[in-house]
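Chains, contacts and geometry: an overview
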Amino acid sequence: MGPHAWKGRAHRITVGLLVAVLLAGAAGWVRGSAAGAFTFREEPVTLGTAPWEVEGTLALPEGASRFPGVVLVPGFGPYDRDATTGLDTPFRDLARGLAQRGIASIRFDKRTFLHGPKMDGKALTVEEDLIQDALAAARLLAEQEGLEALFIVGHGLGGTLAPEIAQRAQAAGAVLLAPLATPLDELVLRQLEEVFRADGLSAEEQAHLERARAAVEQFRQGQTEPAQTYLGPARYFVDLRQRDPLGRAASYAGPLLILHGGRDRVVPPSELALWRQRLGGRQDVTFRLFLFLNHTFTRGEDPVLTSGFRWRRAMAPEVIETIAGWIWAQVGGEPVGPEPGGGSGDPGGALGEPAGEGLPPGSGEEGAVQPETETPAGGGGPGFDPGLMPGA
């Protein structure tokens, strides 16, 4: 496929997915294989009210009289409860990894995943797309006997909205995984510009960019008419801008953990620097950059449509350990899980699935948690990924 054909395909896929996103198990026992890990059970749950009920999974650690719990909030796109991206299932990995460490969770299918064709995309906002069902999950989790503290863990757009959800749910804190600081529409425009400029702009591509820029300017002005724009339904993007996620995070009184992957091609690592600029003065906000991890916090580059990985890659165990340790620190307890250095904390390996790709030769620091001073201070991410943009 030539470069112009690829760019045209990337553009059609990107914009098409953005529009489609907005228009569009029995209970069991699971045993962790590592010494010291909790056993846990998973059971199905139903959230919300007719006609927009969604299904989810409740994971509960066994043998703990008191435990913290998290609601897992997915990103931008019609995600299932596991936040499935290609063959990766980051939310299933995270939920089971946390359960092995004594932390309960609820993860859920998004409304756009279950009911997308029946929904009015032009009327949709993040309230219906994400927030209402996340709050319903928080209420259900709070009802579980033994719950000690509630936390919100969001990925991509879910991470961007996590402080607002935590505030409204009266949660004890929030974890933001690859959150956007730049408005979503501007991030999409930036990536379109990158792919179109890769080998020079054609007249047709320039026209596409002008339409995208006009949509962004409409959203900046807070205008919801015309209702359908080149980038998607205006109401969704305007509502998201007006929520002022950075301001909401600044006003949230609870502690925050903000994590990013250095190889994220969907939400570039430079976004972490923007969060630091706004929140870096707070002692209860922790920033971490995992230099060699991507948008789903697996090792290596983000897969693209033309060269995606053909096997499942598990969420890096050091990410799960970081989240679990931070949560236990907030409740004054001790993290419980696999023995340090045992390697079986990787939920892929613990559950009998491939643990992920091997490390590049000589990369002794692969996946290492980088000090805060290592956070990139500027510059965009390493490129545009049409296959994963809806995961923002």
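In short, a report on the structure. Quantities reported herein were computed from a predicted structural model and do not represent experimental measurements. (Residues numbered from 1 in each chain as written. Predicted model: local features only at pLDDT ≥ 70, side-chain atom pairs only at ≥ 80, totals over all residues. Heavy atoms only, no water.)

1. Some remarks on the pairing of strand β11 (residues 285-290)
Here is the rule we go by: Burial classes follow relative accessibility: with a 1.4 Å probe on protein chains only, a residue under 20% of its type's maximum area counts as buried, one over 50% as exposed, and anything between as partly exposed. The helix and strand labels rest on DSSP assignments: H or I over at least four residues marks a helix, E over at least two residues marks a strand, and numbering proceeds from the N terminus. Pairing between two strands requires that DSSP report at least two bridges joining them. Here is how to tell: hold the view so the strands point away, follow the path from the first strand over the helix to the second, and if it runs clockwise the crossover is right-handed.
Of all the 6 residues making up β11, 5 are buried; the element is thus mostly covered by neighbouring parts of the structure. As paired elements, strand β10 (residues 256-261) and β11 share 6 bridges and run parallel to each other. When the sheet's bridge partners are listed, His 260 is paired in β11 with Leu 289. With helix α10 (residues 270-279) bridging β10 and the parallel β11, this β-α-β connection has right-handed handedness.

2. Considerations on the packing of helix α6 (residues 184-196) against helix α8 (residues 234-242)
Formally: Axis lines are fitted through C-alpha atoms, for helices just across the contact stretch, and the angle between N-to-C directions can take any value from 0 to 180 degrees. Should any heavy atoms of two residues lie within 4.5 Å, those residues are considered in contact.
Remark: α6 packs on α8, axes separated minimally by 9 Å, with the N-to-C direction vectors making an angle of 115°. Contact residues: Leu 184, Asp 185 and Glu 186 in α6; Phe 237, Leu 240 and Arg 241 in α8.

3. Side note on the nonpolar core
Put simply, the rule is: To form a nonpolar core, buried Ala, Val, Leu, Ile, Met, Phe, Trp, Tyr and Cys residues must be joined to one another through side-chain atoms within 4.5 Å.
Grouped together as the largest cluster of nonpolar side chains are 69 residues, with contacts concentrated most on Val 71, Ile 152, Leu 231 and Trp 275. Ranked by the residues each element gives to this core, the list is headed by helix α4 (residues 126-142), at 9 residues. For Ile 152, the contacting residues outside a window of four places in its chain are Val 71, Val 73, Ala 162, Ile 165, Ala 166, Ala 171, Gly 173, Ala 174 and Val 175. Counting 30 residues, the second-largest nonpolar core is a separate cluster that includes Leu 94, Met 315, Ile 323 and Ile 327.

4. Examining the packing of α4 against helix α5 (residues 157-169)
The cut-off we apply is this: We call two directions roughly parallel when the angle between them is under 35 degrees, roughly antiparallel when it is over 145, roughly perpendicular when it lies between 65 and 115, and oblique otherwise. The hand of a helix crossing depends on one turn: near helix anticlockwise from the far one by less than a right angle means left-handed, and clockwise means right-handed. Amino acids are sorted into nonpolar (Ala, Val, Leu, Ile, Met, Phe, Trp, Tyr, Cys and Pro), charged (Asp, Glu, Lys and Arg) and polar (every other residue, Gly among them).
Relative to each other, α4 and α5 sit at 50°, their axes nearing to 10 Å. In terms of orientation, α4 and α5 fall into the oblique class. Taken as a pair, α4 and α5 cross one another with a handedness that is right-handed. Residues Val 126, Glu 127, Leu 130, Ile 131, Ala 134, Leu 135 and Ala 138 of α4 touch α5, and the partners they reach there are Leu 157, Gly 158, Leu 161, Glu 164, Ile 165, Arg 168 and Ala 169. Residue composition of the contact of α4 with α5, by class: 10 nonpolar, 1 polar and 3 charged.

5. Considering the environment of Val 71
Within the element layout of this structure, Val 71 appears in strand β4 (residues 67-73). Linking Val 71 and Arg 107, residues 36 residues apart in sequence, is a C-alpha distance of 6.3 Å. Those residues in contact with Val 71 that sit more than four places away from it in its chain are Ile 106, Phe 108, Ala 134, Ala 137, Ala 138, Leu 141, Leu 150, Phe 151, Ile 152 and Val 153.

6. A look at the environment of Glu 321
Inspection of the secondary structure assignment puts Glu 321 in helix α11 (residues 317-331). Overall, Glu 321 belongs to the partly exposed group, its relative accessible area being 36%. Considering only alpha carbons, one finds Glu 321 and Arg 101, 220 residues apart in sequence, at a separation of 8.5 Å.

7. Regarding the pattern of salt bridges
The test is simple: Counted as salt bridges are all cases of a side-chain nitrogen of Lys or Arg within 4 Å of a carboxyl oxygen of Asp or Glu.
Applying the stated rule across the entire model yields 26 salt bridges. Salt-bridge contacts for Arg 96 lead to Glu 42; the nearest nitrogen and oxygen are separated by 3.0 Å. Here the residue Arg 96 occupies a position in helix α2 (residues 90-100), and Glu 42 occupies one in strand β2 (residues 39-47), the gap between them amounting to 54 residues. Here Arg 96 matches Glu 42 in class, with each residue buried. A salt bridge links Glu 164 to Arg 248, with the shortest nitrogen-to-oxygen separation between them at 3.8 Å. Taken as a pair, Glu 164 in helix α5 and Arg 248 in helix α9 (residues 245-251) lie far apart in primary sequence, 84 residues in all. For Glu 164, a relative accessible area of 5% gives the class buried. Through salt bridges with shared partners, a single ionic network connects Glu 127, Glu 164, Arg 168, Asp 239, Arg 243 and Arg 248.

8. A short note on unusual backbone geometry
Look at the link from Ala 50 to Pro 51: it is a cis peptide, with omega at 5°. Position of Pro 51 among the secondary structure elements: in the loop between β2 and β3 (54-61). Cis geometry is adopted by the peptide bond preceding Pro 226, which originates at Glu 225 and carries an omega value of 0°. Mapped onto the secondary structure, Pro 226 falls in the loop between α7 (203-220) and β8 (228-229).

9. Here's the deal with the pairing of β3
Remember that side chains alternate between the two faces of the sheet whenever the strand is regular. Summarising burial for β3: 7 of the 8 residues are buried, a large majority. Across 8 bridges, the pairing between β2 and β3 is antiparallel. Paired with Glu 43 across the two strands is Leu 58, which belongs to β3. Taking the residues that link successive antiparallel strands as the turn, the β2-β3 hairpin has 6 residues, and the phi of Gly 48 there is positive, at about 85°. Sheet topology places β3 next to strand β5 (residues 104-108); 4 bridges connect them, and they run antiparallel. Counterpart to Gly 56 in the pairing with β5 is Phe 108.

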